[in-house]
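# Inside the fold
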Amino acid sequence: MENIHPKIKANAVSAYFMLFISVFFLFNKTNPYLNNDFVKNHTKTAFFIHLIFLFIYLVFIHYWLFNSIIFFWYSFNTLIVSTLFILTFWLLIYWIYRASNEQTFKVWEIFKIVKSEKIVDISNNKTLDEKDKLTAILAYIPFISYIIYPNFEDNRWVRDTIKLNFFASLLITFIYIIWNHSLATFFILLYIIFIVYAWINIILKSEVISFNLSFLPRVKDSEILVKSWIVYLRNYIKWNFKSIQAIIWEYRIQNIESRKKEVELINWLKDTKLTKSLIYIPFLNLVYIFYIDTKYKNHIINWLSLTIITIILFIIYWYSDVYYLLLFPICFWLGYIKSDLTYKMPFIFHVFNSLILLKNKTLNLKAKAKEIKNTVKEESFKINNLGK
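This one's a predicted model, so the numbers in the text were calculated from it and none came from an experiment.

### Thoughts on the packing of aromatic side chains
Per the counting criterion, the structure on display carries 16 aromatic pairs. Between the aromatic rings of Phe143 and Tyr146, the centroid separation amounts to 5.6 Å while the plane-to-plane angle is 75 degrees, which identifies the pairing as edge-to-face. With a relative accessible area of 25%, Phe143 lands in the partly exposed category. A relative accessible area of 0% places Tyr146 in the buried class. Between Phe166 and Phe167 the ring centres are 5.3 Å apart and the planes differ by 70 degrees, which places this aromatic pair in the edge-to-face class. On the basis of relative accessibility, which here comes to 12%, the residue Phe166 falls in the buried class. A residue is classified by how much of its surface remains accessible, and Phe167, at 38% relative accessible area, is partly exposed. An aromatic cluster is built from Phe143, Tyr146, Tyr149, Phe166, Phe167, Phe328 and Phe332, whose rings are joined through pairwise contacts.

### Points about empty space enclosed by the protein
All chains considered together, the criterion is met by two cavities of 30 Å³ or more. If you trace the largest cavity, you find 13 residues lining it, with Tyr149, Arg218, Val219, Lys220 and Phe332 closest to the centre. Of all elements in the fold, only α6 (156–177) and α11 (327–339) reach the threshold of two or more residues within the lining of the largest cavity. In terms of residue count, α6 provides more of the lining of the largest cavity than any other element does, four residues in total.

### Considering a nonpolar patch on the surface
Taken together, Ile188, Ile192, Val196, Ile200, Ile203 and Leu204 make up a surface patch of nonpolar side chains, about 550 Å² in accessible area. Looking at where Ile188 falls in the secondary structure, it is placed in helix α7 (residues 181–205).

### Structural notes on the packing of helix α10 (residues 297–316) against α11
Contact geometry for α10 and α11: axes closest at 11 Å, N-to-C directions at 170 degrees. Here α11 runs roughly antiparallel to α10, going by the angle between their axes. Between α10, through His299, Asn302, Trp303 and Leu306, and α11, the contact on the second element is made entirely by Pro329, Ile330, Trp333, Tyr336 and Ile337. Residues that form the contact of α10 with α11 fall into these classes: seven nonpolar, two polar and no charged.

### Quick look at the side chain of Asp160
Within the fold, Asp160 resides in helix α6. Of the residues examined, Asp160 reaches a relative accessible area of 1% and is grouped as buried. In contact with Asp160, other than residues within four places in its own chain, are Phe211, Asn212, Leu213 and Ser214.

### Looking at the environment of Tyr232
Position of Tyr232 relative to the elements: it lies in helix α8 (residues 222–237). C-alpha of Tyr232 to C-alpha of Ser243: the two residues are eleven residues apart in sequence and 7.3 Å apart in space.

### Focus on the environment of Ile147
The residue Ile147 is located in helix α5 (residues 144–148) in this model. The partly exposed category is assigned to Ile147, whose relative accessible area is 33%. Put simply, Ile147 and Cys331 are 184 residues apart on the chain and 5.2 Å apart in space, counted from C-alpha to C-alpha. With residues up to four places along the chain from it excluded, the contact list for Ile147 reads Cys331, Leu334 and Gly335.

### A look at unusual backbone geometry
Within the chain, Phe143 stands out as a residue other than glycine whose phi angle is a positive 70 degrees. Inspection of the secondary structure puts Phe143 in the loop between α4 (130–138) and α5. Unusually for a residue other than glycine, Phe347 sits at a positive phi of about 70 degrees. Turning to its location among the elements, Phe347 is positioned in the loop between α11 and α12 (349–387).

### Brief notes about the side chain of Asn235
Within the fold, Asn235 resides in helix α8. On the accessibility criterion, Asn235 (11% relative accessible area) is buried. Residue contacts for Asn235: discarding those within four places in its chain leaves Asn240, Phe241, Lys242 and Ile247.

Parameters and conventions
- Residues numbered from 1 in each chain as written.
- Predicted model: local features only at pLDDT ≥ 70, side-chain atom pairs only at ≥ 80, totals over all residues.
- Heavy atoms only, no water.
- Phe/Tyr/Trp six-rings, centres within 6.5 Å; stacked < 30°, edge-to-face > 60°.
- Buried < 20%, exposed > 50% of the residue type's maximum accessible area, 1.4 Å probe, protein only.
- 1 Å grid on protein atoms, 1.4 Å probe; cavity = no way out; pocket = protein on both sides within 12 Å on 5 of 7 lines; lining within 4 Å.
- Points joined across faces, edges and corners; volume = space filled by probe spheres on them.
- Helix = DSSP H or I, 4+ residues; strand = E, 2+ residues; numbered from the N terminus.
- Patch = residues over 30% accessible without salt bridge, like charges linked within 9 Å, V, L, I, M, F, W, Y side chains within 5 Å.
- Areas by Shrake-Rupley, 256 points an atom, 1.4 Å probe, with all protein chains shown as cover.
- Salt bridge = Lys/Arg side-chain N within 4 Å of Asp/Glu carboxyl O.
- Axes fitted to C-alpha atoms, helices over the stretch in contact; angles between N-to-C directions.
- Parallel < 35°, antiparallel > 145°, perpendicular 65-115°, else oblique.
- Contact = heavy atoms within 4.5 Å.
- Nonpolar A, V, L, I, M, F, W, Y, C, P; charged D, E, K, R; others polar.

Next up, the structure:
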């Protein structure tokens, strides 16, 4: 904007200093120095930054999140609050500078990650129908959306929405587990308000709140990324440098080839006569250890591994809310067992195989020890006979 009146510029700058009061600028319809796009844009941004300050205060000061965690003799809560307040204050100063230099923008330019867009065809039937709207609504609901996720994994909007849903739910669950129930309830309320607003947009406007979270990896890709970074750092130390993208690509190719072989193998395996629902239930699924050579081999190993982890958690935390975390893999696997028989839960899948490998090595060591013991006895017997 050019030739902005000094009073308009002063009002835009003052919006940042008038904590929550400046929001009333938006309702003024008579004063030309307030009722204009420049002041309103900066007022919205100022109000948004003020809300960030309030959020930090409620979460980390009022509810004392992470106050019990000590890091180098300082409360983790204090370190987080100090950092966030400094960053938010810097953000406030930066937009004051932009207002004083007569630069205008929209409030969502702070976070370009969010935008509103029309619902696209999700079910690939070439028409936008009631099923697409229902899928868009369910994508915001924790746990239920994880069950339908494998069916819509290739749809960018559904995938990114469930990513947001997953990380938000995981954070709330973690806060609940560390006994900060009041703060967890506060976050649940915020999330409910958000999804109700999103549902109203879907039903009345056929619009969805779109989050571009493509930069966040999928859970199923996490193991490949961890392996790639380990190899990347090891190569660097050995002066055998290779780009991280090349290593990730190699692991992806290996994974694709491995899955092709597994699909061919699974086609030759027999089906299980037991009900598939038992596979999802820890402890009860132990019966499947006798039916491991079936089409559901990978899923059986997934769940046997989860049962082992549950037992370990029970030994360490015999009474704890930590078991709520088990709901996340349970709901994801409910979907994957119907859509992908080769699915392996990253990291968790290897727990059962690692125990089998450990058992075999232990038995081999015992056999070798017994063999050595028998050899020593035989040699000792021969020496004794020669002495006689």
